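Spelled out from the first residue to the last, the chains are:
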Amino acid sequence: FMDTTLIIMAAGIGSRYGAGIKQLAKMGPNGEIIMDYSIRDAKEAGFNKVVFIIRKDIFEEFEEIIGNRIKDQIDVEYVFQELDDLPEGFEVPEGRTKPWGTGQAILACKDVVNEPFAVINADDYYGKEGLKKIHEYLCAPDKTDKKFNFCMAGFEVGNTLSDNGTVTRGICQVKDGILTKIVETKEIGKGDNCAVTPDGNVPLNQPVSMNMWGLTPDIFPELEKRFVTFLGGIDGNEQKAEYLIPTIIGDMVEEGLAEVHVLPTSDKWFGVTYKEDKKMVTDAIQGMKDGGLYPKKLWEE
């Protein structure tokens, strides 16, 4: 038995979705939110701790809506992603209000996570297969000659699109199961038997990253080092620049430092990018319950 942690990134409150904390929108028939399903899937897959990355100002609401319910099920820790949590010598640019992205979020876990871990977004439903495969990989990684050995769930882009607008995904180039390149791509929409991107069409089975990673704690010093470099290079983009995990890992791959095993999953992704997506998600969850994939009451069994 090996300790493994699930890190859930819940610090970014989506503005596109209007009022209220979209990560805490009730989706299931008994008031469950998307995270309930991810946590149940993770526990089933063998993870034994959950770390929530949130902002201090949502702590009370967050604890009330999900934290208190989950802590009876699995070990829970909280870390805070704060705008002013910066390396020595840096300060928050005037006027900036949002934290620094997923790279900074994961870095915030460095003092509470000492074991291999998976990373997911709070407001995405990923299906059971990805977490299971990542857990198996973390417990028995392939041998590699690279300094860092990671994995990611590779979703088929066709399973990750929204009917209600375009989405942003990390489009992956994969060779023999290994990630060679990842390109964060905005405005991906549905086409005729393909996905449409600003740079042209890609096949529906093109692997994409949904920010579901399997990482090891040796990434933390690397994240610290690269954060300094990142902050030193944002001249002119101080308000918007984001330190993002796909970019960081993509760089580590291109520099020959990291090997990332892409674990294919055919599960369908659900998420609320747009308000209109919510009905699709609640219907999908109800369908999975009806099909026996989840118990009628998620946590009573």
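To be clear, the structure that these remarks concern was listed above.
Note that this is a predicted model, so its numbers are computed, not measured.

A.B. asks: Report on the overall build of the protein, specifying residues and quantitative values.
C.D. replies: Check the secondary structure of the protein and you find seven helices and 13 strands. Over its C-alpha atoms the protein spans a radius of gyration of 18 Å, differing by no more than 12% from the 19 Å that the globule rule assigns to 301 residues. Projected onto the principal axes, the alpha-carbon positions of the protein cover approximately 50 × 45 × 45 Å. Restricting the contact set of the protein to residue pairs at least 6 apart, pairs at least 24 apart contribute 76%. If the 34 positive side-chain charges of the protein are averaged to one point and the 51 negative ones to another, these points end up 4 Å apart.

A.B. asks: Can you explain the pattern of salt bridges? Please cite residues and give values.
C.D. replies: For the coordinates displayed, the defined rule picks out 19 salt bridges. In this structure, R55 engages D57 in a salt bridge whose closest nitrogen and oxygen atoms are separated by 3.0 Å. Here K190 makes a salt bridge to D163, at a shortest N to O gap of 2.5 Å. Remark: D163 occurs in the loop between β6 (148-156) and β7 (167-175) and K190 occurs in strand β8 (residues 178-190); sequence separation between them is 27 residues. K190 sits in the partly exposed class, given a relative accessible area of 49%. The exposure class of D163 is exposed, given its relative accessible area of 53%.

A.B. asks: Which residues make up the side chain of N159, and what values do they have?
C.D. replies: Mapped onto the elements, N159 comes out in the loop between β6 and β7. Sequence-distant contacts of N159, defined by excluding residues within four places in its chain, comprise S266, D267, K268 and W269.

A.B. asks: Lay out the pairing of strand β11 (residues 207-215) with the relevant residues and their values.
C.D. replies: With eight of nine residues buried, β11 lies mostly within the body of the structure. Of the strand pairs in this sheet, strand β4 (residues 117-121) and β11 are connected by three bridges, and their pairing is antiparallel. Among the inter-strand pairings, F117 is bridged to a residue of β11, identified as L215. Two strands pair when backbone bridges link them, and β6 and β11 are joined in this way by five bridges, in the antiparallel orientation. Within the sheet, the bridge partner assigned to G154 lies in β11 and is S209. Pairing of β7 with β11, which is carried by two bridges, proceeds in the antiparallel orientation. Of the residues in β11, the one forming a bridge with G170 is S209.

The rules behind the values
- Residues numbered from 1 in each chain as written.
- Predicted model: local features only at pLDDT ≥ 70, side-chain atom pairs only at ≥ 80, totals over all residues.
- Heavy atoms only, no water.
- Helix = DSSP H or I, 4+ residues; strand = E, 2+ residues; numbered from the N terminus.
- Rg over C-alpha atoms; globule rule 2.2 N^0.38 Å.
- Contact = heavy atoms within 4.5 Å.
- Lys, Arg positive; Asp, Glu negative; His and termini not counted.
- Charge placed at Lys NZ, Arg CZ, Asp CG, Glu CD.
- Salt bridge = Lys/Arg side-chain N within 4 Å of Asp/Glu carboxyl O.
- Buried < 20%, exposed > 50% of the residue type's maximum accessible area, 1.4 Å probe, protein only.
- Pairing = 2+ DSSP bridges.

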